[in-house]
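Listed here are the chains, written in short residue letters.
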Amino acid sequence: MKVETIQLTTHNGVGWLKLNRPKKLNALNETLLREMKTAIDEFEQDDAVRVIVLVGEGRAFSSGQDLTIESDADYGEYLEDVYHPLVRALFSSRKPIIAGIHGVVAGAGLSLALAADVRIVAKSTKFSSAFIKIGLVADAGGPYHLRRLMRDDLALDWLWSGSTIDSEAAHTFGLVTELVEDAMYTERLTSYAETLAAKSPVAVQGMKALMRAASFEEGLSEEIEWQRKCGDTDVHRQAMQAFLMK
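Basis of the calculations
Residues numbered from 1 in each chain as written. Predicted model: local features only at pLDDT ≥ 70, side-chain atom pairs only at ≥ 80, totals over all residues. Heavy atoms only, no water. Helix = DSSP H or I, 4+ residues; strand = E, 2+ residues; numbered from the N terminus. Contact = heavy atoms within 4.5 Å. Phe/Tyr/Trp six-rings, centres within 6.5 Å; stacked < 30°, edge-to-face > 60°. Buried < 20%, exposed > 50% of the residue type's maximum accessible area, 1.4 Å probe, protein only. Core = buried A, V, L, I, M, F, W, Y, C linked by side-chain atoms within 4.5 Å. Expected span 1.5 Å × (residues − 1). Arc of directions from axis to C-beta. Pairing = 2+ DSSP bridges. Axes fitted to C-alpha atoms, helices over the stretch in contact; angles between N-to-C directions.

J.: Is there a simple way to think about the environment of S129 in this case?
T.: Along the chain, S129 falls in the loop between β7 (126–128) and α4 (142–149). Placed 92 residues apart in sequence, S129 and K37 show a C-alpha to C-alpha distance of 22 Å. Those residues in contact with S129 that sit more than four places away from it in its chain are G107, L110, A138, W158, L159, G162 and S163.

Following this line, the structure appears as structure tokens:
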């Protein structure tokens, strides 16, 4: 696909989606959001891609929405038409999504990062949900994911404050999967993604699906289906044969 605001590469089973507006700290505009949606859809259909990684070019993951949007725009319509298709694509992806976060992650950029399954974070990163400072509610799926990851009272307190927190505080809140020294961040992110991509894709996707089960009974039903699928893979058969031959 031809792109203007993102970079796409594939290596060792990993599809890398890099936000590429570094002079704007990867602020999100309509073009970027639509290109991200198309890229996620294409990675989802590409069997060579087993893991999807979201990263930002330059000094930040994303500073959030590009505020040069017209002030008289219908924000609800913009969310519905531009953000929500991408948010739904991230949420419904069968494949693991990793957000590699450095520099600044703020506003709607934070919402997109929270939609990932795993967040590998450079220690110098600053987290900000500054919607309240411009009189808006958090959006782009952010409140849903904060509710999933944090205690409700702590999430509300942070959203109401509009404050910026460091990576250690974000880790305490449950927003960080792994904190990494800045000098090792890229190496660790690559290693994590490629190691995951080398595992059984059926088992990896199945575990993600089971963690998303809506209820206990639904989870039990899905266990049956996924274990059946996993048991029918060459990866499983070869692993069992190797184990029995020890």
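J.: Which parts of the structure should I look at to understand the packing of aromatic side chains?
T.: Following the criterion strictly, the structure yields three aromatic pairs and no others. Relative to F173, the ring of W158 has its centre 6.3 Å away and its plane inclined at 45°; by these criteria the two rings are tilted. Here W158 is found in helix α5 (residues 152–161), whereas its partner F173 is found in helix α6 (residues 167–173), with 15 residues between them in sequence. Looking at F173, the relative accessible area reads 23%, which means it is partly exposed.

J.: What is the right way to read the nonpolar core from this model?
T.: If you look at soluble globular proteins, the nonpolar side chains tend to sit buried side by side. Counting residues in each nonpolar core, the largest one holds 48 residues, and the members touching the most others are L17, M36, L54 and F127. Contributions of two or more residues to this core are made by β2 (14–19), α1 (30–45), β3 (51–56), α2 (75–92), β4 (97–101), α3 (107–114) and α5. Considering every element that reaches this core, the biggest residue donor is α2, with eight residues. Counting 16 residues, the second-largest nonpolar core is a separate cluster that includes W16, I98, L189 and A197.

J.: What exactly am I supposed to notice about helix α7 (residues 185–197) here?
T.: Side chains of residues three or four places apart in an α-helix project in the same direction, reflecting 3.6 residues per turn. Taking 1.5 Å of rise per residue, 13 residues should cover 18 Å, and α7 covers 18 Å from first to last C-alpha, within 8% of that figure. By the burial criterion, the buried members of α7 are Y185, L189, A193, L196 and A197. Down the axis of α7, the buried side of the element spans an arc of 105°, and every buried residue falls inside it. Summarising the contacts, the buried residues of α7 are in contact with β2, β3, β4, β6 (118–122), β9 (178–180) and α8 (201–211).

J.: Mind showing me how you'd approach the sheet that holds β4 here?
T.: Backbone-to-backbone hydrogen bonds pair the strands of a sheet. The strands run either parallel or antiparallel. Taken in spatial order, the six strands make up an open sheet running β1-β2-β3-β4-β6-β9, and their pairing is mixed. Of all strands in the sheet, those with a lone pairing partner are β1 (6–11) and β9, marking the two edges. Taken over all neighbouring pairs, the strand axes of this sheet differ in orientation by 20° on average, direction set aside. As judged from the four bridges shared by β4 and β6, these two strands associate in the parallel manner. Bridging from a neighbouring strand, I98 pairs with V118 of β6.

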